[in-house]
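Examining the three-dimensional arrangement
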Amino acid sequence: MATIKRIGVLTGGGDCPGLNAVIRAVTKTAMNEHKLEVYGVQDGFLGLIQNRMHLLQWNDVSNILTQGGTILGTSNQANPQRFAIERGGKTEWCNVTDRVLDHVRDNELDALVCIGGDGTMTGASNLVENGINCIGVPKTIDNDLEGCERTFGFDTAVHTAAECFDKIHTTAMSHHRVMVVEVMGRNAGWLALHTGVASGADIILIPEIPYDIDAICEVLRRRSKGGKRFSIVCVSEGAKPKGGDVVVQRRVETSPDPVRLGGIANKLVADIEERTKLDCRATVLGHIQRGGSPTPADRVLATQFGYHALDILMKGARGQLVVQQGGRLGEVPIQSVAGKQRKVPPDDPLVRTALAVGTSFGV
Ligand code: F6P
């Protein structure tokens, strides 16, 4: 087994609450239990490409457990296999993996702990294929990483979104309105499903269950006629009508996943008002869902993930992603999850529960 003396740690992709808790757990466990040196790589894979990293001291990772964001910075636009380089006013797409391998070698990093979602794991998988030992730690507010039932950051995002829904509720009641609230989640409906159930939304729309606008309007009319003078719709940014497509807000060509979703709430408001004449408003929660201090549950999970990453690394693991399955920590090969997304099964127990308490999925 290769001797490990020095490791690198990076945070890649969109940020989320709990990243600092993992950095802290990884660094403290490495220094305390295994007498390793830890290099903090700045801005995810971008720092590896540009050789920006520094030795972390104990004090650098003290007092960061409860801090949102990431002290290392992150980027969701740096893919070493397809990196944008400007030449003569033109963008060229280059494979700069060799540059990354040189920087890992030059800094004598024996392994990398890559904290990120599916884009980061796809990047890590490429490095593993090129002989770099990477251990992955699963983060994302979307909770959509294949092979892992709970990513850190998700609990905090649900908490933040549910607080916003509680506020929407009171203004909806006062004005007798239909409030359509859009949450993030990309192509998976976990965030919308959990937020909607936690908030008592009347209608939850998720990408995995394409909606029928007439069915939605029927629910809203029925509620209105039955004396309920307001309604709350929780819509995932990736929701789409039956036979239709998602609403794309913009494309970020430098990103591993260039599509940025957004705008479905406004489309729904227009469609519902036209059909029902009910007074509707759209709210897009946006990046507020990725900010703030992690919940205690996320702090605990992030700390366990960080510890487990070091534990398996020192026991000889190579190219593994730390996961939680059946409530227990484990690991799966990074290559087996790279590029895959975990979706909500349409018969998920929480979908069935929501249906049982009268929530509509717009079908
Ligand atoms: O993956 C996390 C996430 O917040 C998604 O829910 C959302 O679709 C996307 O990132 C937004 O990306 P950006 O920060 O680049 O706008």
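Residues numbered from 1 in each chain as written. Predicted model: local features only at pLDDT ≥ 70, side-chain atom pairs only at ≥ 80, totals over all residues. Heavy atoms only, no water.

**Overview of the site of the ligand**
Applicable threshold: For this description, a residue counts as near a given molecule or strand if any of its non-hydrogen atoms is within 4 Å of it. Side-chain atoms alone can form a polar contact between residues adjacent in sequence; in general such a contact is a pair of N or O atoms within 3.5 Å, and within protein one must be able to donate a hydrogen while the other accepts it. Here, Shrake-Rupley sampling with a 1.4 Å probe gives the accessible areas, and only protein chains in the shown set may cover a residue. Residues are sorted three ways: Asp, Glu, Lys and Arg are charged, Ala, Val, Leu, Ile, Met, Phe, Trp, Tyr, Cys and Pro are nonpolar, and all the rest, Gly among them, are polar.
With respect to spatial proximity, the complete set of residues near the ligand consists of N76, I141, D142, M184, G185, R186, E237, R260, H287 and R290. Contacts to the ligand include G185, whose backbone N or O atom sits 3.1 Å from an oxygen atom. Within the side chain of R260, a nitrogen or oxygen atom sits 2.7 Å from an oxygen atom of the ligand. Look at the ligand: alone it shows 400 Å² of surface, and the protein chains cover 81% of it. Residue classes in the shell around the ligand are distributed as two nonpolar, three polar and five charged.

**Comments concerning the packing of helix 5 (residues 154-175) against helix 6 (residues 190-199)**
A pair of packed helices is characterised by two quantities: the angle between their axes and the separation of those axes. Operational definition: For helices, the axis comes from a line fit to the C-alpha atoms of the stretch in contact; other axes are also lines fit to C-alpha atoms, and the angle between any two N-to-C directions lies between 0 and 180 degrees. Put simply, DSSP H or I for four residues or longer makes a helix, DSSP E for two residues or longer makes a strand, and each gets a number counted from the N terminus. Throughout this description, any angle smaller than 35 degrees is read as roughly parallel, any larger than 145 degrees as roughly antiparallel, any in the 65 to 115 degree range as roughly perpendicular, and the remainder as oblique. By the definition used in this description, the sense in which the near helix is turned from the far one sets the handedness, with an anticlockwise turn below a right angle giving left-handed and a clockwise turn giving right-handed. Contacts: residue pairs with any heavy atoms within 4.5 Å of one another.
Running from N to C, helix 5 and helix 6 cross one another at 45°; their axes reach a closest spacing of 9 Å. Relative to helix 6, helix 5 is oriented oblique. In the packing of helix 5 onto helix 6, the handedness of the crossing is right-handed. Of helix 6, the residues touching helix 5 (which contributes F154, A157, V158, A161, A162, F165 and H169) are W190, L191, H194, T195, A198 and S199. By residue class, the composition of the contact of helix 5 with helix 6 is nine nonpolar, four polar and no charged.

**Thoughts on the side chain of H308**
Under the convention used in this document: Note on exposure labels: buried denotes an accessible area under 20% of the residue type's maximum, exposed denotes more than 50%, and partly exposed covers the range between, all computed with a 1.4 Å probe on protein chains only.
Note that H308 resides in helix 9 (residues 296-314). Judged by relative accessible area, which is 12%, H308 ranks as buried. Ignoring any residue separated from it by four or fewer positions in sequence, one finds H308 in contact with V322, L329, G330 and E331.

**Re the sheet that holds strand 9 (residues 203-205)**
Adjacent strands of a sheet form backbone hydrogen bonds with each other and so pair up, either parallel or antiparallel. So the rule is basically this: For two strands to count as paired, DSSP must find a minimum of two bridges between them.
Judged by pairing direction, the sheet is parallel, and its four strands sit side by side in the order 9-10-8-13 without closing on themselves. If you trace the sheet from one side to the other, it starts and ends with strand 9 and strand 13 (280-284), each paired once. Pairwise comparison of adjacent strand axes, ignoring direction, gives a mean angle of 15° for this sheet. Relative to strand 10 (residues 231-236), strand 8 (residues 178-183) runs parallel, the two sharing six bridges. Bridging across to strand 10, V181 finds its partner in C234.

**Focus: the pattern of salt bridges**
Heads up, the rule is: Salt bridge, as used here, is a side-chain nitrogen of Lys or Arg placed within 4 Å of a carboxyl oxygen of Asp or Glu.
This structure, assessed with the given rule, holds 17 salt bridges. For D15, the salt bridge is made with R290, and the minimal N-O distance between the two is 2.9 Å. Separated by 275 residues along the polypeptide, D15 in the loop between strand 1 (6-11) and helix 1 (19-34) and R290 in the loop between strand 13 and helix 9 bring together distant segments of the chain. Given the relative accessible area of 23%, D15 is considered partly exposed. Note that D43 is salt-bridged to R52, the shortest N-O span being 3.1 Å. A relative accessible area of 22% means that D43 is categorised as partly exposed.

**Focus on the environment of L285**
By the secondary structure assignment, L285 is in the loop between strand 13 and helix 9. On the basis of relative accessible area, L285 is assigned to the buried category, the value being 11%. Separated by 104 residues in sequence, L285 and V181 place their C-alpha atoms 7.2 Å apart.

**Some thoughts on helix 11 (residues 349-356)**
Convention followed: For this quantity, the arc is that covered by the directions from the helix axis to the C-beta atoms.
Within helix 11 the residues assigned to the buried category are L350, V351 and A354. Here the buried residues of helix 11 occupy an arc of 105° about the axis, which is enough to place them on one side. Exposed and oriented more than 90 degrees from the buried face of helix 11 are P349, R352 and A356. Turning to helix 11, the residues buried within the fold contact helix 6. For helix 11, the N-terminal cap is D348; the gap from its side-chain oxygen to the backbone nitrogen of L350 is 2.9 Å. Where helix 11 terminates, the next one or two residues include G358, which has phi positive at roughly 95°.

Remember that the coordinates give geometry; whether it matters functionally is a separate question.
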